[in-house]
Amino acid sequence: MAPALVGGFELPSGPRLPRIGTVDAVALEERAATLAKRSIKRESKLQALELAVRMMDLTTLEGQDTPGKVAALCSKAMRPDPADLSVPPVAAVCIYPNLVAVAKERLAGSGVKVASVATAFPSGQSPTEIKVAETRAVVQSGADEVDMVIDRGAFLAGDYAAVFDEIVTVKAAAGEAHLKVILETGELGTYDDVRRASILAMAAGADFIKTSTGKVAPAATLPVTLVMLEAIRDFERRTGRVVGMKPAGGIRTSKEAIAYLTVLYETLGPRWMTPDRFRFGASTLLNDVLMQLRKERDGRYSGGDYFTLD
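Residues numbered from 1 in each chain as written. Predicted model: local features only at pLDDT ≥ 70, side-chain atom pairs only at ≥ 80, totals over all residues. Heavy atoms only, no water.

K.L.:
Quick question: what am I supposed to make of the overall build of the chain here?
P.N.:
Check the secondary structure of the chain and you find 11 helices and 10 strands. A globule of 310 residues ought to have a C-alpha radius of gyration of about 19 Å, and the chain, at 19 Å, matches this closely. Projected onto the principal axes, the alpha-carbon positions of the chain cover approximately 65 × 45 × 30 Å. Every one of the 310 residues in the chain was classed for burial, and the buried ones make up 53%. Intrachain contacts of the chain at a sequence separation of at least 6 include 75% that bridge at least 24 residues. Only carbon and sulfur atoms are counted for the fraction: they give 51% of the accessible area of the chain, which is about 13,600 Å². (Helix = DSSP H or I, 4+ residues; strand = E, 2+ residues; numbered from the N terminus. Rg over C-alpha atoms; globule rule 2.2 N^0.38 Å. Buried < 20%, exposed > 50% of the residue type's maximum accessible area, 1.4 Å probe, protein only. Contact = heavy atoms within 4.5 Å. Areas by Shrake-Rupley, 256 points an atom, 1.4 Å probe, with all protein chains shown as cover.)

K.L.:
It is not clear to me how the pairing of strand 6 (residues 145-149) should be interpreted in this structure. Could you clarify?
P.N.:
As a general feature of sheets, a regular strand has side chains that alternate between the two faces. With five of five residues buried, strand 6 lies mostly within the body of the structure. A two-sided burial pattern is seen for strand 6, the buried positions comprising Glu145, Asp147 and Val149 on one face and Val146 and Met148 on the other. Bridging between strand 5 (residues 113-118) and strand 6 involves four bridges; their strand directions are parallel. When the sheet's bridge partners are listed, Ala115 is paired in strand 6 with Glu145. (Pairing = 2+ DSSP bridges.)

K.L.:
I would appreciate a short explanation of the packing of aromatic side chains in the present structure.
P.N.:
Any aromatic ring pair is given by two values, namely how distant the centres are and how the planes are angled relative to each other. Enumeration according to the criterion identifies four aromatic pairs in this entry. Geometrically, the ring pair formed by Tyr260 and Phe280 is edge-to-face, given 6.4 Å between the ring centres and 85° between the ring planes. Placement of the pair is Tyr260 in helix 10 (residues 254-268) and Phe280 in strand 10 (residues 280-282), with a sequence separation of 20 residues. Residues Tyr260 and Phe280 agree in their burial class; the two are buried. Arranged with centres 5.2 Å apart and planes meeting at 90°, the rings of Phe278 and Phe280 form a pair that is edge-to-face. Overall, the relative accessible area of 0% leaves Phe278 in the buried class. (Phe/Tyr/Trp six-rings, centres within 6.5 Å; stacked < 30°, edge-to-face > 60°.)

K.L.:
I'm lost on the side chain of Asp81 in this one. Help?
P.N.:
With respect to the helices, strands and loops of the structure, Asp81 is situated in the loop between helix 3 (67-78) and strand 4 (92-95). A polar contact of 2.9 Å, which involves the side chain of Asp81, links it to the side chain of Arg294. (Polar contact = N/O pair within 3.5 Å; in protein donor to acceptor, adjacent residues only side chain to side chain.)

K.L.:
Is there a simple way to think about the nonpolar core in this case?
P.N.:
Side chains that are nonpolar tend, in soluble globular proteins, to be buried together. Counting residues in each nonpolar core, the largest one holds 86 residues, and the members touching the most others are Ile167, Val181, Leu261 and Phe280. Sort the elements by how many residues they give to this core and helix 9 (residues 222-239) lands first, with nine residues. In this view, Val181 contacts Met148, Ile150, Ile167, Ala201, Ala206, Phe208, Ile209 and Lys210; residues no more than four positions away in its chain are not counted. Core analysis: the next-biggest nonpolar cluster, separate from the first, contains seven residues, Leu61, Phe121, Val149 and Ile182 among them. (Core = buried A, V, L, I, M, F, W, Y, C linked by side-chain atoms within 4.5 Å.)

K.L.:
What is the right way to look at helix 7 (residues 160-174) in this model?
P.N.:
Quick reminder: α-helices carry 3.6 residues per turn. Residues three or four places apart thus point the same way. Relative to the 21 Å expected for 15 residues at 1.5 Å per residue, helix 7 spans 21 Å between its end C-alpha atoms, a close match to the ideal helical length. Among all positions of helix 7, only Val163, Phe164, Asp165, Glu166, Ile167, Val168, Thr169, Val170, Ala173 and Ala174 are buried. Positioned one or two residues after helix 7, Gly175 has a phi angle of 60°, which is positive. (Expected span 1.5 Å × (residues − 1).)

K.L.:
Sorry, what's going on with the pattern of salt bridges here?
P.N.:
For the coordinates displayed, the defined rule picks out 22 salt bridges. Of the charged contacts in the structure, one is a salt bridge between Lys180 and Asp57, with a shortest N-O distance of 3.4 Å. Placement of the pair is Lys180 in strand 7 (residues 178-182) and Asp57 in strand 3 (residues 56-59), with a sequence separation of 123 residues. Among the ionic pairs, Glu62 bridges to Lys215, the shortest N-O distance being 3.6 Å. Of this pair, Glu62 sits in the loop between strand 3 and helix 3 while Lys215 sits in the loop between strand 8 (208-210) and helix 9, and the two are 153 residues apart along the sequence. Classification of Glu62 as partly exposed rests on a relative accessible area of 40%. Given the relative accessible area of 38%, Lys215 is considered partly exposed. Linked by salt bridges that have partners in common, Asp57, Glu145, Asp147, Lys180, Lys210, Lys246 and Arg279 make up one network. (Salt bridge = Lys/Arg side-chain N within 4 Å of Asp/Glu carboxyl O.)

K.L.:
What am I meant to see in the sheet that holds strand 9 (residues 244-246) here?
P.N.:
Note: strands within a sheet are paired through backbone hydrogen bonds, in either parallel or antiparallel orientation. In spatial order, the strands read 9-8-7-6-5-4-3-10; together these eight strands make up an open sheet with parallel pairing. The open sheet is flanked by strand 9 and strand 10, the only strands paired with a single partner. Strand-to-strand twist of the sheet, defined as the mean angle between neighbouring strand axes without regard to direction, takes the value 25°. Where strand 4 lies against strand 5, four bridges are found, and the strand directions are parallel. (Axes fitted to C-alpha atoms, helices over the stretch in contact; angles between N-to-C directions.)

Dropping the structure here:
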């Protein structure tokens, strides 16, 4: 059977949605809570904090964002703690489409990626043609990564094929840029639907799956993240393809970040302990991690006013 065409892009033949399975909510929440309570030694904590910095997508997605604000954010992304040059840069800066060129120029040669939201962020409620045009525009402006949102209205109405087809089409429009697919788990309602959306997005070609836009509560939670990590594990076992994960929204403290890294390690193992496969969507997390790094290294706790608010 010849592959179908949607929006001029070729879709894979065969079943679009692999077998999903169901989620045992009680067991899931108990496991997430147990892993979150694990303590780690000081040396491991330092490594975890530095890894958390390297995994961050430093983010500003506000209506008042300006070129100056984004330039300052990029400076912080490249050198998070100017007083301690051993602190690594973050993974990426995540911004709105019309500020991609500003970030790209500011980050040139630094190794920090430019990520842009697209596809009618945060609602996803626009025609596919507009989403494709926006995706192409941000990539042409220099975005290395595209964070798209799924059409939750279509998903919750049971039109999984429409969601799948749209992700395939946006993935094609993104070209070489990495595609992170935002599920907005706070609107999906059940762990089963989170798992279903995760597998659907991966089957459609997502390079990363992401919990949230940060605009809806609840955003990232440990149980939801565990559901998505287990879906990634099962998807790789079935297909051989590696997909990354990005919890975003509501992760504000280093203690929380370490809990997420613990869940990641216990679910997917050391191969995923890299910014290429795991990210934190962060706007306020970085400063707390920097304070904890200083405390662990020299025994002195620095207040929040030691670091810029970006």
